[in-house]
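Structural features, examined
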Amino acid sequence: MLHEGAHGKWTISSSDESAEENSDSEKPSTSSLSDAARGRTSEPQYPCSEARKAAYKRKASPLKLTDESVSTEIPPAVKQRTSQEGLGWCLSSSDEEPEDQQKHTPKETVKEEKYDAPKEQPLNLCKDDKLLENLKAEEHNDIPSEAQDTWDLLNGGNPFRFFLTKVSGIEPSYNSGALHIKDILSPLFGTLISSAQFNYCIDVGWLVRQYPQEFRKKPLLIVHGEKRESKAELLAQARPYENISFCQAKLDIAFGTHHTKMMLLLYEEGLRVVIHTSNLIAEDWHQKTQGIWLSPLYPRLPKGTTGSAGESETNFKSDLISYLMAYNSPILKEWIDLIQEHDLSETRVYLLGSTPGRYQGSDKEKWGHLRLRKLLKEHALSIPAQESWPLVGQFSSIGSMGADGSKWLCSEFQESLVAAGRSVTPFLKCDVPFHLVYPTVNNVRQSLEGYPAGGSLPYSIQTAQKQLWLHSYFHKWSAEVSGRTRAIPHIKTYMRLSPDFQKIAWFLVTSANLSKAAWGALEKNGSQLMIRSYELGVLFLPSAFGLDKGYFHAGGRKLPESKDSYFPVPYDLPPEQYGSKDQPWIWNIPYTDAPDTHGNMWVPS
């Protein structure tokens, strides 16, 4: 069947719906350890999405335009099992799944586990020599900053404490002020006692190598959402490391994921919190645009301090503790107690999280987009002629939005994003301009990684062809201001700007993509909010930075002297709308009409 929209044509199968259409996030796959033991070389050694597996395969076995043996037909969609039983991953996304599917999904309780299996040689899951060389080269290219540069980052020049990750292959000046994971874990940031890593896709061996040699045997807790086969793979990766323990986040609602990306770093000198957008795998820290919020170093409170001591004006401390308590995990109680013992009063951002559940009453405003609505109503100033102030959303994956904008995007979600002060004026039918930034096929083709960059943009044809109306909101990725136009974004940001794009009412960096699973969807005539996934981000509001005008100035890399009022947006404003020939990147269809920057084509199968 040929479907034509405002921004391109797709030929799709007319067969039954695939479960893939319900995925808005990078779901872990179910490749088994036995397959890996037999020497499969076309898949990564860590659980990850089908899109990333395809990208990994293309890196290992590039396809040239002259390769006539490769079929470029789109494989017909096949009907997937509707139950999650036996799967090692949870799909994410929309509220279109049958209710009975959720009822029969087996519940998993939170498990705290120390892997103490007999010592074995780690499985060699990646035997392809050329691929190993490429991965090693990538790892070596991502060297940490010079010590003086890192020290300068810690001691001024960035009042917002918002950073981008370093990108290999761009002009070095654009990496000034950027961080690699090795910088974050550097002894310059503190003398590490122990750490906790919350994440979605994790390569344990790679993660351990990012710690300095002297910290690699310090206690490390990994908080994850893996189940069954992919959980077994994760535990197997940790066999050589006696210092690593695990906490499995419970995911009781179907299609949810543990998508949060956070580090808790306990030092002899204090505590630090890092909230970011990168998976714990090499490629996410190599040539992608990623965001980081790095907290100040929080000192210990005097012994005997009780009550709300060490709280910030943004209630960051209590909100972080509430988020950790939502895991209902005894092993996280230790970290909750540690946070209680530290002074977080210097924090100037608001925490914005999502945790799986169905919430009613006042609990509805604790998480997801209703949490954002509450924060904006309480702490953002009302904007004159606010219906003319556009919204910008930028993300790397898209869930099912429904048949039109009124189903979610331009109703409940937009109402949360346009909240300001105590105003309760609803803006329906997309009265407020909404600019959605998502990479085009050409963005991916011309990127530093080439077509494999599309592996981290898991928007499927099955979802896209059902919401062609959404594509009229799409705008291209362009980041000349930060030198990252060719570094495909995995960062997720949302903000509200003045009509001339010079003022910012608020800015959010988060793990949450554009999906109901991440942000939540109202049920039961609006009396209940249902969220499927764990997400975490930080909200920047002018009032928390002492700005009584109600806005930041939109600043690039070169800022005026009054840096506190200029927020460094990492991409170009205003974003440029898709042209008539532009198409959004869709990972599971072939692109063979033009080679990428490495002379290769893309056939995902």
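Remember, predicted model here, so these are calculated numbers, not experimental data. (Residues numbered from 1 in each chain as written. Predicted model: local features only at pLDDT ≥ 70, side-chain atom pairs only at ≥ 80, totals over all residues. Heavy atoms only, no water.)

1. As for the packing of aromatic side chains
Selection rule: Stacked, edge-to-face and tilted labels apply to pairs of Phe, Tyr and Trp rings (six-membered ring for Trp) whose centres lie within 6.5 Å, assigned for plane angles under 30 degrees, over 60, and everything in between, in that order.
Within this structure, the stated rule accounts for 32 aromatic pairs. Among the aromatic residues, ring-to-ring pairing joins Phe160, Phe162, Phe507, Phe540, Phe545, Phe552 and Phe567 into one connected group.

2. Brief notes about the UniProt feature "site: Interaction with DNA" (unreviewed entry) in the protein
What counts here: UniProt positions are given in the numbering used here, feature names are shortened, and annotations may be inferred rather than shown by experiment. Think of it this way: any DSSP run of H or I at least four residues long counts as a helix, any run of E at least two long counts as a strand, and we number them from the N terminus.
UniProt records the feature "site: Interaction with DNA" (unreviewed entry) for Ser515 in the present numbering. Here Ser515 shows up in the loop between strand S18 (503-510) and helix H15 (516-519).

3. Side note on the sheet that holds strand S19 (residues 521-523)
Put simply, the rule is: At least two DSSP bridges between two strands are needed for those strands to be called paired. Axis geometry follows a simple rule: fit a line to the C-alpha atoms, using only the stretch in contact for helices, then measure angles between N-to-C directions, giving values from 0 to 180 degrees.
Taking strand neighbours across the sheet as the criterion, the 3 strands line up as S13-S20-S19 in an open arrangement whose pairing is antiparallel. Each of the sheet's edge strands pairs with one partner strand only, and the pair in question is strand S13 (357-360) and S19. Direction aside, the axes of adjacent strands within the sheet are offset by 30° on average. Of the strand pairs in this sheet, S13 and strand S20 (residues 528-531) are connected by 4 bridges, and their pairing is antiparallel. Residue pairing in the sheet places Gly357 in a bridge with Ile531 of S20.

4. Topic: the environment of Ala51
Defined as follows: Contact definition: two residues touch when any of their heavy atoms are within 4.5 Å.
Positionally, Ala51 belongs in helix H2 (residues 50-60). Taking the C-alpha atoms as reference, Ala51 lies 7.5 Å from Gly454; in sequence the two are 403 residues apart. With sequence-adjacent residues up to four places away left out, Ala51 is seen in contact with Gly455, Pro458, Trp587 and Trp602.

5. Examining the UniProt feature "binding site: substrate" (unreviewed entry) in the protein
Rule in force here: Two N or O atoms count as a polar contact when they lie within 3.5 Å, although within protein this holds only if one can serve as hydrogen donor and the other as acceptor, and sequence-adjacent residues are included solely when both atoms are side-chain atoms.
UniProt feature "binding site: substrate" (unreviewed entry): in the numbering of this structure it lies at Lys261 and Lys492. These annotated residues cover 232 residues of sequence, and their C-alpha atoms lie no more than 11.8 Å from one another, placing them together at a single site. If you trace the backbone, Lys261 turns up in the loop between strand S8 (244-248) and strand S9 (262-267). When residues no more than four places from it in sequence are discounted, the contact partners of Lys261 are Phe198, Asn199, Tyr200, Val274, Ile275, His276, Thr277, Ser278, Asn279 and His490. Among the polar contacts listed, one links the side chain of Lys261 to the backbone oxygen of His259, at a separation of 2.9 Å. Among the secondary structure elements, Lys492 is positioned in strand S17 (residues 492-497). Aside from chain neighbours lying at most four places away, what touches Lys492 is His259, Thr277, Gln394, Phe395, Ser396, Leu508, Val509, Thr510, Ser511, Ala512 and Asn513. One polar contact links Lys492 to Ser396, side chain to side chain, over a distance of 3.2 Å.

6. Thoughts on the packing of helix H11 (residues 368-379) against helix H12 (residues 409-417)
Note the following rule: Amino acid classes used here: Ala, Val, Leu, Ile, Met, Phe, Trp, Tyr, Cys and Pro are nonpolar; Asp, Glu, Lys and Arg are charged; the rest, including Gly, are polar.
For the pair H11 and H12, the least separation of the axes is 7 Å and the interaxial angle reads 35°. Across from His369, Leu370, Leu372, Arg373 and Leu376 in H11, the residues of H12 making contact are Glu412, Phe413, Glu415, Ser416 and Leu417. When the residues that make up the contact of H11 with H12 are grouped by side-chain class, the tally is 5 nonpolar, 2 polar and 3 charged.

7. What to know about unusual backbone geometry
Note the cut-off: Relative accessible area decides the class of each residue, using a 1.4 Å probe on protein chains only: under 20% of the type maximum gives buried, over 50% gives exposed, and in between gives partly exposed.
Pro574 follows Leu573 through a cis peptide bond whose omega is -5°. Structurally, Pro574 is set in the loop between strand S23 (566-568) and strand S24 (600-601). Even without being a glycine, Asn328 presents a positive backbone phi close to 55°. With respect to the element layout, Asn328 can be found in the loop between helix H9 (316-325) and helix H10 (330-340). A positive phi angle is found at Lys524, which is not glycine, with a value near 50°. Structurally, Lys524 is set in the loop between S19 and S20. The exposed category is assigned to Lys524, whose relative accessible area is 56%.

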